[in-house]
Amino acid sequence: MVRLKEDKGDLLEAVTKLQFTDSTICLSELVYALETAKVFNDGKATIDDIAYVFEIVFDVKLNRIYRNYTEMKGREDQTAFLNRLIRLLQKRMDDDDAK
């Protein structure tokens with residue numbers, strides 16, 4: 001794992017190897033959740049700020065992020081991706097406890 005103290009070239013290389021391979025609507029859901037939770041820049045980061053960083057880090061285009069939000073709101077399970085993450089993490093922890 002590359003640490004921030006190390007050479008920035010190594011960090012850039014590590015970042016460019018990491019690709020988000022789920023749908024962009026899933027990544028949009030994560031961006032909206034993080035912006036809503038106000039976890040960046042003391043709550044001052046915008047959807048566009050966060051989306052821009054995610055585009056760079058995960059080598060993906062989020063040019064439909066506002067349309068994705070409208071689509072998320074129209075789904076039966078509006079937070080499907082986040083709910084899936086919660087279920088999977090809880091299962092992992094439960095499986096670890098069962099060992």
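Further up the page is the structure itself.
We now turn to the structure provided with this report.

Cut-off values and rules
- Numbers given for residues are sequential positions, taken from 1 along each chain in its written order.
- Side-chain atom pairs in this predicted model are given and counted only at pLDDT of 80 or more, local residue features only at pLDDT of at least 70, and totals for whole chains, interfaces and linings cover all residues.
- Excluding hydrogens and water, the side-chain values take into account all heavy atoms of the structure.
- Numbered from the N terminus, helices here are DSSP runs of H or I no shorter than four residues, and strands are runs of E no shorter than two.
- Pairs of residues are marked as contacts when any of their non-hydrogen atoms sit within 4.5 Å.
- Note on geometry: axes are C-alpha line fits, over the in-contact stretch for helices, and angles between N-to-C directions span 0 to 180 degrees.
- When describing relative orientation, an angle under 35 degrees is termed roughly parallel and one over 145 degrees roughly antiparallel, while 65 to 115 degrees is termed roughly perpendicular and anything else oblique.
- In this classification, the charged set is Asp, Glu, Lys and Arg, the nonpolar set is Ala, Val, Leu, Ile, Met, Phe, Trp, Tyr, Cys and Pro, and all remaining amino acids, among them Gly, are polar.
- What we call a nonpolar core is a set of buried Ala, Val, Leu, Ile, Met, Phe, Trp, Tyr and Cys residues that are connected through their side-chain atoms within 4.5 Å.
- Exposure is judged per residue with a 1.4 Å probe applied to protein chains only, and the accessible area is read against the type maximum: over 50% gives exposed, under 20% gives buried, and values in between give partly exposed.
- Take a side-chain nitrogen of Lys or Arg and a carboxyl oxygen of Asp or Glu: if they are within 4 Å of each other, that pair is a salt bridge.

### Things to note about the overall build of the chain
Phase 1: Helix and strand counts for the chain come out as five helices and zero strands.
Phase 2: The linear arrangement of helices and strands in the chain, starting from the amino end, is α-α-α-α-α.
Phase 3: Here the analysis covers contacts within the chain between residues at least 6 apart in sequence; of these, 58% occur between residues at least 24 apart.

### Structural notes on the packing of helix 2 (residues 24-37) against helix 4 (residues 65-74)
Phase 1: At their nearest, the axes of helix 2 and helix 4 sit 9 Å apart, and the two run at 90° to each other. The orientation of helix 2 with respect to helix 4, classified from their angle, is roughly perpendicular. Along the contact surface, helix 2 presents Thr24, Ile25, Ser28, Glu29, Val31 and Tyr32, while helix 4 presents Ile65, Tyr66, Asn68, Tyr69, Glu71 and Met72.
Phase 2: The residue inventory of the contact of helix 2 with helix 4, partitioned by class, reads seven nonpolar, three polar and two charged.

### A look at the environment of Phe54
Phase 1: Of note, Phe54 is situated in helix 3 (residues 47-58).
Phase 2: Taking the C-alpha atoms as reference points, Phe54 and Leu27, 27 residues apart in sequence, are found 8.3 Å from one another.
Phase 3: For Phe54, the contacting residues outside a window of four places in its chain are Leu27, Leu30, Val31, Leu34, Asp59, Val60 and Leu62.

### Re the nonpolar core
Phase 1: Counting residues in each nonpolar core, the largest one holds 14 residues, and the members touching the most others are Leu27, Val31, Phe54, Leu62 and Ile65.
Phase 2: Those elements giving two or more residues to this core turn out to be helix 2, helix 3 and helix 4.
Phase 3: If sequence neighbours within four positions are ignored, Val31 has contacts with Ile47, Ile50, Ala51, Phe54, Leu62 and Ile65.

### Some remarks on the pattern of salt bridges
Phase 1: If you walk through the whole model with that rule in mind, you get six salt bridges.
Phase 2: Of the charged contacts in the structure, one is a salt bridge between Glu71 and Arg64, with a shortest N-O distance of 3.6 Å.
Phase 3: The partly exposed category is assigned to Arg64, whose relative accessible area is 35%.
Phase 4: For Asp95, the salt bridge goes to Lys91, with nearest N and O atoms at 2.7 Å. Residue Asp95 and its partner Lys91 are both found in helix 5 (residues 80-98); the two are separated by four residues, about one turn of the helix.
Phase 5: Under the relative-accessibility criterion, Asp95 is labelled partly exposed at 37%.

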